[in-house]
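Analysis of the macromolecular model
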Amino acid sequence: MSTTTPERVELVIGGMTCASCANRVEKRLNRLEGVTATVNYATEKASVAFEPGVSPDDLIAQVEKAGYTAALPAPPKPDEEETAPEAEDATVRALRDRLLVSTVLAVPVIALAMIPALQFTYWQWASLTLAAPVLVWGAAPFHRAAYKNLRLGAATMDTLVSLGTIAAFGWSLYALFFGTAGEPGMRHPFTLTVGRVSGAGEIYLEVAAGVTVFILAGRYFEARSKRRAGAALRALLEMGAKDVAVLRDGREERVPVERLTTGDRFVVRPGEKIATDGVVVEGGSAVDMSMLTGESVPVEVGVGDAVVGATVNAGGRLVVEATRVGSDTQLAQMAKLVEEAQSGKAQVQRLADRVSGIFVPIVITLAVATLGFWLGTGGGVTAAFTAAVAVLIIACPCALGLATPTALLVGTGRGAQLGILIRGPHILESTRRIDTVVLDKTGTVTTGKMTLTDVITADGQDADEVLRLAGALEDSSEHPIAQAIARGAVQRVGDLPPVEDFAAVEGLGVQGVVDGHAVLVGRTRLLDEWSQHLPAELERAKAAAEADGGTAVAVGWDGEARAVLVVADTIKDTSAEAITRLRSLGLRPVLLTGDNETVARAIAAEAGIDEVIAEVLPADKVDVVKRLQAEGRTVAMVGDGVNDAAALAQADLGLAMGTGTDVAIEAADLTLVRGDLRAAADAIRLSRRTLGTIKGNLFWAFAYNVAALPLAAAGLLNPMLAGAAMAFSSVFVVSNSLRLRRFQPAR
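Per an unreviewed UniProt entry, the recorded name for the protein is Cation-transporting P-type ATPase B, and the organism is Actinoallomurus iriomotensis. Checking UniProt for the protein, the heading Subcellular location (unreviewed entry) contains the comment "Cell membrane". As stated in UniProt under Catalytic activity (unreviewed entry), the record for the protein gives "ATP + H2O = ADP + phosphate + H(+)".

Pasting the structure below:
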């Protein structure tokens, strides 16, 4: 077995008209040794993994042998960005024009056949004149595809449509020229069922024209809907800035965003889009992240904060240093993830593909058997012919091929708009089964940042004065706890005084002179060394704070202990609500952390989590997931750090917070772009809704064919109505998928 990592390529496939076409291309590609391919009818693309020894040219040649076209996607050029959408629009327009002309010609034919009062003396010859262009020109795409497949010894949906319409038209020609149907004054009553007549006086021009129009209408609405279904991904790709003001030698130079390189510094004015991922090096502002995260509240950023390309500067002027450009940006990675998800297949769709692959030959056999049965039982040529044509037309498996891809296109696209990236269709099936959700504490349930939560002073001490002196001293330290105290002090008392003789005492704290006071801030041992012992009430407050999961920092000056400051990693404002939503989805939340049991229990109680697994080493997180799985649970894991990656990969469903590390995001099945745990519940809801839509689509498509085929074979279904029903089936499936565009996060 080869251990070489296979190469991946995406091919644009041309000429596919139904699910069985996609199935044929997929089978043909998979015949090549070392090739694994998935062909998506809705996106008209093939995602192919191949081993060394196989080239893209070999793949293209293999597709062409199946009678279709294949090409590598051309890299977009700045001045050609709009060509692909325009090409798609041209295809839809051409289909629309064919439909409109065919409809204008077919409507009188159908009206004459259905309403005997309109049948004037030579109405049948007028019908022939109008119906002939519809069959020859309007149905030409079906005939061309059927002929091409016939030469290759294959049959598709086009074969059924072409056979049915040609049979109806051919029989009509026979009846008009060699039978009695061409006689002046011939009348033709319209019925939904068939009777036992000779057939030499019956014409089916309305079937040939009507079926062509209905199926063209189905193709047109399908093409439009497929374009709408992929609109979210196109919008995502077009979201970025087109040009950027780069700083060169102290001057601003506006250049296309493609010329931006890592390390460049660029200016973002209020209202402008941030050109690429980077770090703020000058200025402060609020950034609107809604287009990437779905979060409507702007995020405050300042020097040192990371910003993401395509977000909008809603406040002041920023100077940003580019850290990622081009295909490495978060926007590009999001688009890539969405596109990969849309090209996959759910397990339920693979069953549909297998069925559609053998469906056409079975239907042709059934149509021949129906014809033979009616003729053999004395049902008459007309009855036999009508039933056989109805079987051919009603059985087209078009809806089967659209069931999964359209729902995936819309569901993953809507997820991208809401900051939820679904890695593939198999993920949808995982979300249905999970019953336990394991939540990493730091950065997932909690903010991941230390925050000043309390100031406890000794008798007679002023809290603001304590914060002013302690905050000034801590502001000179880089330690996370020190920075938390400094931030809290600035928020409460404003500007901090300068510090003299600052010194950090390793492992204990800091000391220095502030406003003439010799100040100590740190562990109680540091104060004890200066004989500044905590009074009993501060000792009790310190013990209580630590019992609740906080970190207590002692403050003293001028020979006396004055206060205890409490710092903690606080839970996110939205975490408790998120836990409630996860429970409502039938999930059992479990808090997983390396913190001690006391701290973990305090956080869990605040968030509303009953089950806690604490004091777990980073390397052991994957073992916890395995243990829960061994207990029979189906586990989802939510995390954001490098040490969560293995557990995310081991879990039945891995959800990475987008605010976390690239390693965690790469290991996860679902990525939540915004660092809000409520998005996890939204992601599971959307995934389940998408899977439900896929199953509903497949049920409709299967049930429709299974129910309608016996009716057609029994002669109870007029071929023209069969064509209308078949076209409606495809339109229904696509329309049902488009309902996912209305999915909204829980409020």
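To continue, consider helix α5 (residues 140-151). An α-helix turns once every 3.6 residues. As a result, residues three or four positions apart point the same way. The end-to-end C-alpha distance of α5, which contains 12 residues, comes to 17 Å, matching closely the 16 Å that a straight helix rising 1.5 Å per residue would cover. The complete set of buried residues in α5 reads A140, F142, H143, A145, A146 and N149. Following α5 by one or two positions, G153 adopts a phi angle in the positive range, close to 70°.

Turning to the sheet that holds strand β8 (residues 277-282), a few remarks are in order. As summarised here, the arrangement of the six strands in space is β6-β5-β7-β13-β8-β11, forming an open sheet in which the pairing is antiparallel. At either margin of the open sheet sits one strand with a lone partner, and together these are β6 (251-256) and β11 (306-307). Here β8 runs beside β11; their pairing, made up of two bridges, is antiparallel. By the bridge assignment, V279 is partnered in β11 with A306.

With a phi close to 85°, A310 is a non-glycine residue in the positive phi region. For D558, which is not glycine, the phi torsion reads 50° and is therefore positive. Mapped onto the elements, D558 comes out in the loop between β20 (551-557) and β21 (560-571). According to the relative accessible area criterion, D558 is partly exposed, its value standing at 43%.

What follows is about the environment of N30. Relative to the elements of secondary structure, N30 occurs in helix α1 (residues 19-30). In this structure N30 comes out as partly exposed when scored by relative accessible area, which is 33%. Along the chain, N30 and A49 lie 19 residues apart, while their C-alpha atoms are 9.8 Å from each other. Ignoring any residue separated from it by four or fewer positions in sequence, one finds N30 in contact with V35, T36 and A37.

Our focus in this paragraph is helix α25 (residues 678-713). Spanning 36 residues, α25 covers 53 Å between terminal C-alpha atoms, matching the ideal 52 Å at 1.5 Å per step. Of the residues flanking the end of α25, it is G715, one or two places downstream, whose phi is positive at about 75°.

By secondary structure assignment, the location of L366 is in helix α11 (residues 347-376). A sequence separation of 25 residues divides L366 from V391, and the C-alpha atoms of the two residues are 7.5 Å apart.

This brings us to the confidence of the model for the protein. Per-residue confidence for the protein averages 80 on the pLDDT scale, and 82% of its residues sit at or above 70. The model gives residues 76-84 a pLDDT under 50, and that stretch makes three contacts with residues more than four places away or in other chains.

Reading the values: the criteria
- Residues numbered from 1 in each chain as written.
- Predicted model: local features only at pLDDT ≥ 70, side-chain atom pairs only at ≥ 80, totals over all residues.
- Heavy atoms only, no water.
- UniProt positions renumbered as here; feature names shortened; annotations may be inferred.
- Helix = DSSP H or I, 4+ residues; strand = E, 2+ residues; numbered from the N terminus.
- Expected span 1.5 Å × (residues − 1).
- Buried < 20%, exposed > 50% of the residue type's maximum accessible area, 1.4 Å probe, protein only.
- Pairing = 2+ DSSP bridges.
- Contact = heavy atoms within 4.5 Å.
- pLDDT = per-residue confidence, 0-100.

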